[in-house]
Amino acid sequence: MAYICPIKNVADLVSEARRVYRETFDGDDANVAVCAPGRVNLIGEHTDYNEGFVLPMALPMVTVIVGSEISGQKCCVVTLTEAADEPRVVDFDLPNELTPLLRGQPNWANYVKGVVQHYRARPIPGFRVVIASSVPLGGGLSSSASLEVAMYTFLQQLCPDDGDQVAKAVACQQAEHTHAAVPCGIMDQFVSVLGKEGHALLIDCRSLEATAVPLADPGLVILITNSNVRHSLTGSEYPTRRKQCEEAAAVLSKKSLREATLQDLEAAKDRLDGVTYHRARHVIKEIERTAQAAEALKRGDYKEFGRLMVESHNSLRDNYEVSWTIPSKEIGPCSNEFSSVSAPCWPHYELSRKAFAQGGARAQIGSKRSRKHFTDNPQTLSIHRPRSRGKHNSSLLFFTARCGFPLHLRIIEQTRLNRGQCRDIGPR
């Protein structure tokens, strides 16, 4: 049976952080509290650093920072995240023109230091903060961007900048490049700054323009599942993929793969090695798919959106090679149209295959009632289907966020889902 865990809300996180602040700093109260959300990407994988389109949405999982200004140049940062490396209390001096703030240990503090270094206003006063978060580390939901944006927002309360939201996202991205050594694209920080409840955000990563795409359909459900397999962008594979894309763009004489077409790629195929060719093919098609997917969402064509998601995932598996295949016998409800399902090493989203095969459906995002849940069991992903006159309603479309692998799909009876009490009725 898969257990369903509600998300810790902002008020609880703030309360916990304030309590620890008082305990840590001799009974003083924090006088500033801010938060920033994590994100999940619906489609548009590995396109942001190729200046393409992405379609993420902000989540109710957030990073909270409480704190206060203090006199002098000293800063003290405390994290309550149990998965963070030790020590969880870090002191450092503010940077100046002669002495920049350098990265070091522990790793989690580098995200804070990077934001302080790249903050767009001066002078920053000394401060003390406590960090609490409901965004899981290494779960593919952008805990790092959430922390960066929350830290930047905290500094805005102490030393206001010009309020430019796009510049704020770019500064947070620069912090991750220089201090966390992650060559990430702009998507994570951008949606954490500019995300809107009840909407996805179509981001043009070349122009940095964003379009809100409504997700208000009461029949739309987005499940985010945690397999408890951690991932990291600081490993070799992410920078390697980015370098391969840059090499392909150079061969095609393009500034980025955003400017390339499939015709350009095919014409240059004999000048590319096989691996680089397939990396570029994924990106060029994925940019096109993402724009099409946004239009499908706008007109409520969930069957088309699902088709594009499956096509995207297959390309991640076959061209970008960031997935592993799980035998179909481990999957519960499925159609003969698919023989296997892939669970990526980096998060992506898989459509409930039975729903897709039966003709698409309506889907829901219950942000106000906290319908987004994590499954505790690392081996079991539960697809929740409402009951309808004693039979399972298979017309509901699910977008399933895969944060790791492997997963088994099972059906759960939703008799008491709102109270978190579900009866596992097994694979079908």
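Each value, and the rule that gives it
Residues numbered from 1 in each chain as written. Predicted model: local features only at pLDDT ≥ 70, side-chain atom pairs only at ≥ 80, totals over all residues. Heavy atoms only, no water. Helix = DSSP H or I, 4+ residues; strand = E, 2+ residues; numbered from the N terminus. Buried < 20%, exposed > 50% of the residue type's maximum accessible area, 1.4 Å probe, protein only. Contact = heavy atoms within 4.5 Å. Areas by Shrake-Rupley, 256 points an atom, 1.4 Å probe, with all protein chains shown as cover. Core = buried A, V, L, I, M, F, W, Y, C linked by side-chain atoms within 4.5 Å. pLDDT = per-residue confidence, 0-100. Phe/Tyr/Trp six-rings, centres within 6.5 Å; stacked < 30°, edge-to-face > 60°. Lys NZ or Arg CZ within 6 Å of the ring centre and 35° of its normal. Expected span 1.5 Å × (residues − 1). Polar contact = N/O pair within 3.5 Å; in protein donor to acceptor, adjacent residues only side chain to side chain. Salt bridge = Lys/Arg side-chain N within 4 Å of Asp/Glu carboxyl O.

In terms of helices and strands, the protein chain carries 10 helices and 19 strands. Burial analysis of the protein chain (428 residues in total) assigns 56% to the buried set. Nonlocal contacts in the protein chain, meaning residues at least 24 apart in sequence, comprise 70% of its contacts between residues at least 6 apart. For the protein chain, the computed accessible surface area is about 18100 Å², with 47% contributed by carbon and sulfur atoms.

Time to look at the nonpolar core. Core analysis: the largest hydrophobic core is formed by 93 residues, its most contacted members being Leu-55, Ile-65, Phe-127, Phe-154, Leu-155 and Leu-257. Broken down by element, the residue count for this core peaks at 9 residues, all from helix α8 (residues 274–298).

Attention shifts here to the environment of Arg-307. Its place among the elements puts Arg-307 in helix α9 (residues 302–318). On the basis of relative accessible area, Arg-307 is assigned to the partly exposed category, the value being 32%. Between the alpha carbons of Arg-307 and Arg-289 there is a distance of 10.0 Å; along the sequence they are 18 residues apart.

What follows is about the confidence of the model for the protein chain. For the protein chain, per-residue confidence averages 78 on the pLDDT scale, and 71% of positions sit at 70 or higher. Every residue in residues 325–428 scores below 50 in pLDDT, and together they form 303 contacts with partners more than four places removed in sequence or on other chains.

What follows deals with the packing of aromatic side chains. Taken as a whole and assessed by the stated rule, the structure comprises 5 aromatic pairs. For the pair Tyr-49 and Tyr-238, a centre-to-centre distance of 5.4 Å together with 70° between the ring planes defines the contact as edge-to-face. In this pair, Tyr-49 sits in the loop between β2 (32–43) and β3 (53–70) while Tyr-238 sits in helix α6 (residues 237–251), placing the two residues 189 residues apart along the sequence. Judged by its relative accessible area of 6%, Tyr-238 is buried. The rings of Phe-92, Phe-127 and Phe-154 are connected pair by pair, giving a single aromatic cluster. Between the NZ or CZ atom of Lys-269 and the centre of the ring of Tyr-277, over which it lies, the distance is 4.6 Å.

Before going further, it helps to examine helix α4 (residues 165–179). Look at α4: 21 Å from first C-alpha to last across 15 residues, which is about the 21 Å you get at 1.5 Å a residue. Within α4, the full set of buried residues consists of Ala-167, Lys-168, Ala-169, Ala-171, Cys-172, Gln-173, Ala-175, Glu-176 and His-179. Where α4 is buried, its residues contact α2 (108–118), α3 (143–158) and α5 (187–194). For α4, the N-terminal capping position is held by Asp-164, with its side-chain oxygen 3.1 Å away from the main-chain nitrogen of Val-166. Just past α4, the residue Ala-181 takes up positive phi, approximately 60°.

Quick look at the pattern of salt bridges now. It is possible for side chains of opposite charge to pair when their charged atoms get near one another. A full pass over the atoms with the stated rule returns 24 salt bridges. Note that Lys-285 is salt-bridged to Glu-288, the shortest N-O span being 3.8 Å. Placement of the pair is Lys-285 and Glu-288 together in helix α8, with a separation of 3 residues, close to one helical turn. Residue class for Glu-288 comes out partly exposed when judged on its relative accessible area of 38%. Residue Asp-318 pairs with Arg-317 through a salt bridge whose shortest N-O separation is 2.8 Å. A residue is classified by how much of its surface remains accessible, and Asp-318, at 45% relative accessible area, is partly exposed. Arg-317 sits in the partly exposed class, given a relative accessible area of 22%. Taken together, the shared-partner salt bridges connect Glu-286, Arg-289, Glu-304, Arg-307 and Glu-311 into one network.

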